[in-house]
Amino acid sequence: MTGHPSGDFAEASGVLPPRAGLSSAEAARRLAMDGPNRLPSRDRSPVPLLLLREMVHFFALLLWGAAGLALLAGMPQLAVAIVVVVLLNGAFAFVQEYRADQAGKRLRELIPADVTVRRDSRRTVVDATELVAGDVVLLEAGDRISADLELVEVHALAVNESTLTGESTPARPRETDTAFAGTFVIEGQAEAVVTATGARTRLAAIATLTQAATRPPSPLARRLGRVIKVIAGIALGVGTVFFVLTLLLGMAPADGFLLALGVTVALVPEGLLPTVTLSLARAARSMAGRQALVRHLEAVETLGSATFICTDKTGTLTRNEMTVVQIWTPAGPLDLAEPSSAAEIMRTAVLCSTGRLVRTDGGYKGVGDPMEVALHALALHAGAREEETVTRRFPFDPVRRRSSAVADGQLHLKGAPDAVLPLCVDKRGAAQALEEMSARGLRVLAVARSDTPRGTTAEEVERDLTLLGLLGLEDPPRDGVAEAIATCRRAGIKLAMITGDHPGTARAIAMKVGLLGPDPLVLTGRELPDEDDALGSLLDHDGAVIARVTPEDKLRIARALRGRGHVVAMTGDGVNDGPALREADIGVAMGASGTDVAREAADVVLLDDHFATIVTAIELGRATYANIRRFLTYHLTDNVAELTPFLVWALSGGTVPLALSVLQVLALDIGTDLLPALALGAEPANPRTMRGPARTGALLDRRLLRRVFCVLGPVEAVVEMAAFVAVLMLGGWALGTAPTATLLTAASGAAFAAVVLGQLANAFACRSETRWAGRLPWRNNRILLGAVVIETVMLLVFLGFPPLAALLGGTLPPLAGWALAALAIPAVIGADALHKGLRARRRA
């Protein structure tokens with residue numbers, strides 16, 4: 001609420017004596033006792049604690065342990081390298097999450113800055129936080145209500161309560177009714193007394209319920225957790241086996257431990273978590289460019305896993321703009337393509353209205369009741385005259401359910417048809433027209449006029465009317481909503497509309513946009529079963545409509561559907577939606593029209609409030625899931641090639657030297673493989689992304705593991721070891737003898753080059769799980785082209801820059817070594833193409 005320079009309406013009316021309100025001293029005493037008028041806020045974790053959390057999760061603890069063991073084994077270089085990996089992983093995750101959280105913040109409290117009150121018998125303006133119980137508050141159109149109020153004097157008051165109830169139709173409270181904090185006045189005036197402030201308001205109760213609802217772990221978090229635990233278990237198990245083998249082969253315990261540590265490090269994909277984090281961050285930036293702001297990075301993939309969308313109606317499926325779409329008159333329907341024909345009826349409709357479409361710097365803006373704004377917009381388009389001066393006005397009354405005004409000796413009236421038609425002299429044909437328009441889900445107004453009004457009260461002058469016609473209004477569906485809903489159906493995603501509106505209106509919109517399924521299910525909140533199991537069973541239905549819901553209803557719906565195994569996306573814009581947004585797997589708030597409480601509770605904020613944007617975000621989320629599988633395949637293939645030298649050494653009883661050192665393994669994971677993996681995370685969605693249900697299974701399934709351990713990994717490992725052994729033999733090495741240091745580093749360089757070149761080919765092979773690399777357009781992922789160029793440069797730096805080469809233990813190989821290493825490219829591409837071709841034949 002803001003201060004108004006005009007005088008008190010109560011004093012001006014002369015109907016009631018002005019209320020003095022509290023004294024300044026009493027207001028100060030109550031403020032000190034009850035505290036400021038603020039919503040309770042949720043404590044945020046300090047930034048250092050958030051950073052620390054990224055350094056001590058299970059995967060990080062595993063690497064910290066490896067670093068400590070390397071230090072004890074006398075390998076400070078390895079220890080430092082692992083610590084750098086941990087710090088980079090944590091920094092990547094922290095920075096991306098922090099940026100997403102900062103980008104998603106909005107002013108949270110709905111309480112305005114200033115409030116008009118009466119204290120010490122004077123009208124004054126105070127800060128909203130200084131309101132106390134007992135204050136007399138003065139309300140006018142445009143004010144946002146900042147505390148729970150008891151109305152003591154009302155003049156044509158209309159309040160938009162949609163933030164609390166979800167009901168788009170303005171409420172018409174009367175004296176002794178309650179006006180709640182967080183709502184706002186769109187018409188009329190009122191005087192009220194504060195009954196509750198801050199944490200004692202209904203708004204605060206819903207906000208508290210929102211904070212109490214716990215956000216469930218995301219599907220990605222659960223899947224990655226399983227992947228990390230499986231990989232960690234395998235790495236530790238294989239490392240232990242290798243340590244035992246070294247002891248059996250007579251190696252010194254310290255040397256055996258170091259070798260076992262190298263095996264463990266080789267099996268841990270150090271680049272996995274930063275790759276996942278940056279892939280999610282890139283997808284989040286793409287979503288922001290498409291009007292979907294992600295507040296939590298994991299929400300990107302969760303959206304892609306959605307199996308059920310619970311969507312709001314007003315502003316999401318519809319434009320939230322009332323429009324006159326049909327006019328019936330006793331002479332017949334009017335053609336709205338020729339708006340001038342509606343000038344007479346629209347002139348009357350506007351004269352008894354106060355809502356207006358006003359010009360602003362940015363165009364036009366509606367002021368007042370949205371329905372009356374729509375009437376004024378059509379009247380302007382029709383060229384209706386507005387020069388008449390209204391001499392008397394009878395505002396809308398919830399009992400009369402109509403409003404009227406006297407202008408130039410005529411009475412102009414509009415209202416609910418059942419409240420207007422009985423007052424008309426001739427209403428032939430109106431009943432049938434009303435039935436047809438109501439069946440379309442339109443909101444119908446009757447418009448009438450009297451040329452000779454007599455009397456002084458509304459009941460005396462509103463009689464013997466001439467019916468001018470019926471106006472049918474609707475909040476039209478947004479463009480593209482029907483197509484987006486059809487896309488959801490093709491993608492196997494179930495839909496439900498959950499709204500506070502009237503069930504008839506909700507049903508009509510659901511039919512227009514194609515949401516209502518072939519087996520219609522339309523319910524109200526009161527008809528929902530009490531048991532969550534029964535509720536979930538009832539609503540596990542595509543195309544359901546649930547109207548007149550409460551905040552508690554939405555919370556139960558989200559919980560019940562999750563209990564049925566669904567990944568639930570819940571949309572909302574009001575304070576009443578906050579609890580359900582946190583309870584759902586993915587909360588989607590409206591950015592343009594939503595409340596700050598809803599945005600704070602959500603994972604994703606739609607900047608354009610458009611349902612189609614949700615579907616676009618789901619497509620990006622599905623593409624992100626596919627990309628995570630792509631670079632997981634890429635990483636694990638590299639692990640096979642890194643582990644193979646240790647296996648060959650163990651199986652040969654140490655007669656075949658180690659082809660790669662532990663530091664070379666880390667150089668592969670962080671130095672050469674990370675950029676192509678990140679590029680795979682930027683692979684665009686393909687046309688099949690939104691066909692069929694989302695893949696909600698484990699990231700590591702049989703198909704992925706078979707491809708890694710039976711095709712890509714072995715081929716890359718064979719070329720790696722062939723290049724290594726060939727260079728040794730060309731240098732005069734024989735099995736069972738020890739090669740010279742120079743020969744060993746050259747051979748190791750050949751093995752290192754084979755792995756890098758094999759991974760280069762593997763990056764292109766991993767772009768698709770079904771099509772071979774030659775069928776994929778290269779220009780679709782230009783980032784990958786740049787990444788492989790950089791990877792090639794890094795290969796030359798690692799082998800050709802003397803200080804690095806000496807540290808890692810590999811140098812530039814001879815020409816024959818390069819030739820053998822280069823065979824990794826056609827070998828990997830060819831094996832992948834053959835594997836995909838055989839799978840396609842089996843499917844056919």
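Just so it is clear, the structure is predicted and the values come from calculations on it, not from any experiment.

In this section: the sheet that holds strand 9 (residues 323-329). Within a sheet, each strand pairs with its neighbour through backbone hydrogen bonds, oriented either parallel or antiparallel. Spatial strand order, 10-9-17-16-15-14-13: seven strands in an open sheet with antiparallel pairing. At either margin of the open sheet sits one strand with a lone partner, and together these are strand 10 (332-333) and strand 13 (390-394). With five bridges joining them, strand 15 (residues 410-415) and strand 16 (residues 443-450) adopt antiparallel strand pairing. For leucine 411, the partnering residue across the bridge sits in strand 16 and is serine 450. Across the sheet, helix 12 (residues 343-351) lies against strand 9, strand 13, strand 14 (402-407), strand 15, strand 16 and strand 17 (466-474), angled at about 80° from strand 17, the strand it touches most. Relative to strand 9, helix 13 (residues 370-382) is tilted by about 70°, and along the sheet it contacts strand 9, strand 15, strand 16 and strand 17.

The next thing to look at is the sheet that holds strand 19 (residues 521-524). If you walk across this open sheet you meet the eight strands as 7-23-22-21-8-18-20-19, and the pairing is mixed. Sheet topology places strand 7 (292-294) and strand 19 at the edges, where each strand pairs with a single neighbour. Sheet twist, expressed as the average angle between the axes of neighbouring strands with direction ignored, equals 20°. Both strand 21 (residues 568-572) and strand 22 (residues 586-590) contribute to a ladder of four bridges, which runs parallel. Residue pairing for strand 22: alanine 569 is matched across the bridge by isoleucine 586. On the sheet, helix 20 (residues 551-563) packs against strand 8 (308-311), strand 18 (494-498), strand 20 (544-547) and strand 21 and is oriented at approximately 165° with respect to strand 21. Taken strand by strand, helix 23 (residues 611-651) contacts strand 7, strand 8, strand 18, strand 21, strand 22 and strand 23 (604-606), and its axis lies near 160° from that of strand 8.

Now for a nonpolar patch on the surface. A cluster of nonpolar side chains, Leu49, Leu52, Val56, Leu61, Trp64 and Leu87, forms an exposed patch at the surface whose accessible area comes to about 510 Å². Position of leucine 52 relative to the elements: it lies in helix 3 (residues 47-53). With relative accessibility at 48%, the residue leucine 52 sits in the partly exposed group.

On to the pattern of salt bridges. Enumeration over the complete set of coordinates arrives at 27 salt bridges. Ionic pairing is found between arginine 449 and glutamate 344, a salt bridge with its closest N-O pair at 2.8 Å. Of the two residues, arginine 449 is situated in strand 16 and glutamate 344 in helix 12; the sequence distance between them amounts to 105 residues. Relative accessible area serves as the criterion here: at 14%, arginine 449 is assigned to the buried category. According to the relative accessible area criterion, glutamate 344 is partly exposed, its value standing at 46%.

Before going further, it helps to examine the environment of leucine 236. By the element assignment, leucine 236 lies in helix 8 (residues 219-248). Distance from leucine 236 to alanine 260, taken between C-alpha atoms, is 9.1 Å for residues 24 residues apart in sequence.

Conventions and cut-offs
Residues numbered from 1 in each chain as written. Predicted model: local features only at pLDDT ≥ 70, side-chain atom pairs only at ≥ 80, totals over all residues. Heavy atoms only, no water. Pairing = 2+ DSSP bridges. Helix = DSSP H or I, 4+ residues; strand = E, 2+ residues; numbered from the N terminus. Contact = heavy atoms within 4.5 Å. Axes fitted to C-alpha atoms, helices over the stretch in contact; angles between N-to-C directions. Patch = residues over 30% accessible without salt bridge, like charges linked within 9 Å, V, L, I, M, F, W, Y side chains within 5 Å. Areas by Shrake-Rupley, 256 points an atom, 1.4 Å probe, with all protein chains shown as cover. Salt bridge = Lys/Arg side-chain N within 4 Å of Asp/Glu carboxyl O. Buried < 20%, exposed > 50% of the residue type's maximum accessible area, 1.4 Å probe, protein only.

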